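# Close look at the chain arrangement
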Amino acid sequence: MANHQKIIIAIDGFAATGKSSIAKRLSNSLNYIHIDSGSMYRAATLFALRLDSKNNLNPKKIIQSLSEIKIEFKTIEDGQLIFLNNENVSSEIRKPHVTNQVSKLAKIPELRSYLVKLQKEFGRDKGIIMDGRDIGTIVFPEAECKFFLVGNVEVRAKRRYFEQRNKDNKETYEKVLKSLINRDKLDTDRISSPLVKAEDAVKIDVSDLTIDDVYNRMWSHIKKKLNKI
Ligand code: DC
């Protein structure tokens, strides 16, 4: 790609719509940084669970300890690692004990503000693709390119189920579906920064599309944008 001015690309949408995989591919094509903001909420959840020996979430304790949460990313050949206070937690944050608690934590306004501040810092020099739920609305409302991914919940659950079968998380399809339905509800009903489409975001329904189709649609939109600046 020619040497264009760097921009910010925000990808929001429902869980398991392929946001992170596509963002990763786009970031390789553009030579941009990719930040999966969901992994930051997951790392913060792991931190919060460890604050209590019984693995209960205690919002008061979490708010008091925010400044102790240090999150860093390291890019490796086939992806990205996330470090919580210097510990590589990339695998642990994908396990059910974190996944099933993260929405509860993501509704704490103080924690959101803390993470949004870190996310804004990552985007200071532009040249970034960030995916999440509130990137085009709250983190980077000024982003030049915004996408909003939606998809049928059963299609998403099937994809997530097969993805997980190849790893060591062995949840049944029914459990994955139930957890997605629950997370959709928590994401959209949340009072603090609920999942909503930014007015200027391009909406893509991924239900009948392959990852390649979605990537190509986004890529042509980004190219058009870059050619205009
Ligand atoms: O994308 P994910 O499934 O890894 O996200 C984990 C959780 O974090 C999900 O329940 C929604 C929440 N989240 C959020 O509230 N805001 C973001 N920008 C990203 C994720």
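A short tour of the structure in this document, coming up. (Residues numbered from 1 in each chain as written. Predicted model: local features only at pLDDT ≥ 70, side-chain atom pairs only at ≥ 80, totals over all residues. Heavy atoms only, no water.)

## Quick notes on the sheet that holds strand β4 (residues 79-84)
The line we're drawing: A pair of strands is treated as paired once DSSP finds two or more bridges between them. Strands are runs of DSSP state E lasting at least two residues, helices are runs of H or I lasting at least four, and both sets are numbered from the N terminus onward. The contact criterion used is simple: two residues touch if any of their non-hydrogen atoms lie within 4.5 Å. Under this scheme, a helix contributes an axis fitted over its contacting stretch, all axes are lines through C-alpha atoms, and angles between N-to-C directions fall in the 0 to 180 degree range.
Ordered by their spatial adjacency, three strands build an open sheet running β3-β4-β5, and the pairing between neighbours is antiparallel. For this open sheet the edge positions go to β3 (71-76) and β5 (87-88), each flanked by a neighbour on one side alone. Of the strand pairs in this sheet, β4 and β5 are connected by two bridges, and their pairing is antiparallel. Within β5, the residue paired with L84 across the bridge is E87. In this fold helix α2 (residues 37-50) packs onto β3, β4 and β5, with an angle of close to 30 degrees to the strand it touches most, β4.

## Some remarks on the environment of D187
What counts, and what does not: Polar contacts, as counted here, are pairs of nitrogen or oxygen atoms within 3.5 Å of one another; within protein the pair requires one atom able to donate a hydrogen and one able to accept it, and residues that are adjacent in sequence qualify only if both atoms are side-chain atoms.
Note that D187 resides in helix α9 (residues 173-189). In contact with D187, not counting residues within four places along its chain, are S103, R133, P194 and L195. Reaching out from D187, the side chain makes a polar contact with the side chain of R190 at a distance of 3.4 Å.

## Quick notes on the sheet that holds strand β1 (residues 8-13)
Sheets are built from strands that pair by backbone hydrogen bonding, the pairs being arranged parallel or antiparallel. In spatial order, the strands read β2-β6-β1-β7-β8; together these five strands make up an open sheet with parallel pairing. Edge strands, defined here as strands with exactly one partner in the open sheet, are β2 (33-36) and β8 (202-205). Between one strand axis and the next, the sheet turns through 20 degrees on average, direction left out of account. Bridge count between β2 and strand β6 (residues 128-132): four bridges; the pairing is parallel. Its bridge partner being in β6, D36 is matched across the sheet by D131.

## A look at the pattern of salt bridges
Convention followed: Salt bridges are identified by distance alone: a Lys or Arg side-chain nitrogen within 4 Å of an Asp or Glu carboxyl oxygen. Relative accessibility under 20% of the residue-type maximum defines a buried residue, over 50% an exposed one, and the middle range a partly exposed one, all with a 1.4 Å probe and only protein chains included.
This model, assessed by the stated rule, comprises 12 salt bridges. The shortest N-O distance in the salt bridge between E92 and R50 comes to 3.2 Å. Of this pair, E92 sits in the loop between β5 and α4 (96-99) while R50 sits in helix α2, and the two are 42 residues apart along the sequence. The exposure class assigned to E92 is partly exposed, which follows from its relative accessible area of 27%. Measuring nitrogen to oxygen at the nearest pair gives 3.4 Å for the salt bridge that ties R190 to D187. Each member of the pair, R190 as well as D187, is classed as buried. Sharing partners across several salt bridges, the network here consists of R50, E87 and E92.

## Side note on the packing of aromatic side chains
Applied cut-off: Note on aromatic contacts: the rings of Phe and Tyr and the six-membered ring of Trp form a pair at centre separations within 6.5 Å, being stacked when their planes are under 30 degrees apart, edge-to-face when over 60 apart, and tilted otherwise. Either the NZ atom of lysine or the CZ atom of arginine qualifies as a charge over a ring when it sits within 6 Å of the ring centre and within 35 degrees of the ring normal.
Inspection of the entire model under this criterion finds five aromatic pairs. Consider the rings of F14 and F148, whose centres lie 6.3 Å apart with planes at 75 degrees: the pair is edge-to-face. Of the two residues, F14 sits in the loop between β1 and α1 (19-30) while F148 sits in strand β7 (residues 145-150), which places them 134 residues apart along the sequence. Residue F14 shares its accessibility class with F148, and that shared class is buried. Residues Y215 and W219 carry aromatic rings whose centres are separated by 6.2 Å and whose planes lie at 10 degrees to one another, so their mutual orientation is stacked. Of this pair, Y215 and W219 both sit in helix α10 (residues 211-228), four residues apart, which is roughly one turn of that helix. Each member of the pair, Y215 as well as W219, carries the same accessibility label: buried. Cluster of aromatic residues (ring-pair linked, three or more members): Y161, F162 and Y173. Seen from the ring of Y215, R25 lies directly overhead, with NZ or CZ sitting 4.3 Å from the centre.

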